[in-house]
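# Secondary and tertiary structure notes
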Amino acid sequence: MKKTVILLLFAVIILAGCTTRMVDFTIISTKNVDLSRAAEFESGKSRITGEDMAHIIVFIPTGQINIKEAIDNALESVPGAVALLDGVISSKFFYIPYIYGQQSYIVEGTALIDPQLASNSDNSLGEYNVVRLDSNGDLESIEIVTKDVYENYKR
């Protein structure tokens, strides 16, 4: 009985961590946002999360955590995202003395999307592409081609 209680207490101590809610925000961004175009922006359909984490090995941290990196990680997960709406920033920490630990900032919110940037970040292009422009310099078409066809166009 006594061994079971001691093992249970040890497991609780080892598995325990601390998460602290630091701040709630209405809108936050690390990017330059053109607010004159704010009427064009769209709200994302779901909440997104970004995290910046550093490990603690023995007693030495492997890096410095940064809230800006956590926000950037969240924004980069959605094409065209320029800010986060109605969100939370939390700090998370746990440490098993002289063995291992983690510290992190976690940012969660709804993405504010600039449709103009989202359309420019289309990642469906291949490795080799032929882009055709009209006489005004506007995009006419994009064609995904093989390396040989690309080399022929290049010549």
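Right above here is the structure, for reference.
Residues numbered from 1 in each chain as written. Predicted model: local features only at pLDDT ≥ 70, side-chain atom pairs only at ≥ 80, totals over all residues. Heavy atoms only, no water.

## Observations regarding the overall build of the protein chain
Looking only at helices and strands, the protein chain features 4 helices and 7 strands. Taken from the N to the C terminus, the helices and strands of the protein chain come in the order α-β-β-β-α-β-β-α-β-β-α. Scaling as 2.2 N^0.38, a compact globule of 155 residues should have a C-alpha radius of gyration of about 15 Å, whereas the protein chain reaches 24 Å, well beyond that. The C-alpha extent of the protein chain, read off along each of the three principal axes, is 85 × 45 × 30 Å. When the 155 residues of the protein chain are sorted by exposure, 27% land in the buried category. Restricting to contacts in the protein chain with at least 6 residues of sequence separation, those with at least 24 account for 67%. Total accessible area on the protein chain is roughly 11000 Å²; 57% of this is exposed by carbon and sulfur atoms. In the protein chain, the 13 positive side-chain charges and the 20 negative ones have mean positions that sit 12 Å from each other. (Helix = DSSP H or I, 4+ residues; strand = E, 2+ residues; numbered from the N terminus. Rg over C-alpha atoms; globule rule 2.2 N^0.38 Å. Buried < 20%, exposed > 50% of the residue type's maximum accessible area, 1.4 Å probe, protein only. Contact = heavy atoms within 4.5 Å. Areas by Shrake-Rupley, 256 points an atom, 1.4 Å probe, with all protein chains shown as cover. Lys, Arg positive; Asp, Glu negative; His and termini not counted. Charge placed at Lys NZ, Arg CZ, Asp CG, Glu CD.)

## Focus on the pattern of salt bridges
Side-chain pairing between opposite charges can occur once the charged atoms of the two side chains come close. Within this structure, the stated rule accounts for 5 salt bridges. Between Glu40 and Arg37 there is a salt bridge, with its nearest N and O atoms 3.1 Å apart. Here Glu108 and Arg47 are joined by a salt bridge, their closest N and O atoms 3.1 Å apart. Remark: Arg47 occurs in strand 2 (residues 42-57) and Glu108 occurs in strand 5 (residues 100-113); sequence separation between them is 61 residues. Residues joined in a network through salt bridges with shared partners are Arg37, Glu40 and Asp114. (Salt bridge = Lys/Arg side-chain N within 4 Å of Asp/Glu carboxyl O.)

## Examining helix 2 (residues 67-76)
Within helix 2, burial applies to Ala70, Ile71, Asp72, Ala74 and Leu75. Its side-chain oxygen 2.8 Å from the backbone nitrogen of Lys68, Asn66 forms the N-cap of helix 2. (Polar contact = N/O pair within 3.5 Å; in protein donor to acceptor, adjacent residues only side chain to side chain.)

## Let's talk about the nonpolar core
Judged by nonpolar contacts, the single largest core of 17 residues is most densely connected at Phe25, Ile28, Ile48, Val78, Leu84, Val107 and Ala111. Elements with a minimum of two residues in this core: strand 1 (18-28), strand 2, helix 2, strand 4 (81-96) and strand 5. Among all residues touching Ile48, those that are not within four sequence positions of it are Ala74, Ser77, Val78, Leu84, Val107, Glu108, Gly109 and Ala111. Residues Val82, Ala83, Leu85 and Leu112 belong to the second largest nonpolar core, which totals 5 residues. (Core = buried A, V, L, I, M, F, W, Y, C linked by side-chain atoms within 4.5 Å.)

These values are about where atoms sit, not about what they do.
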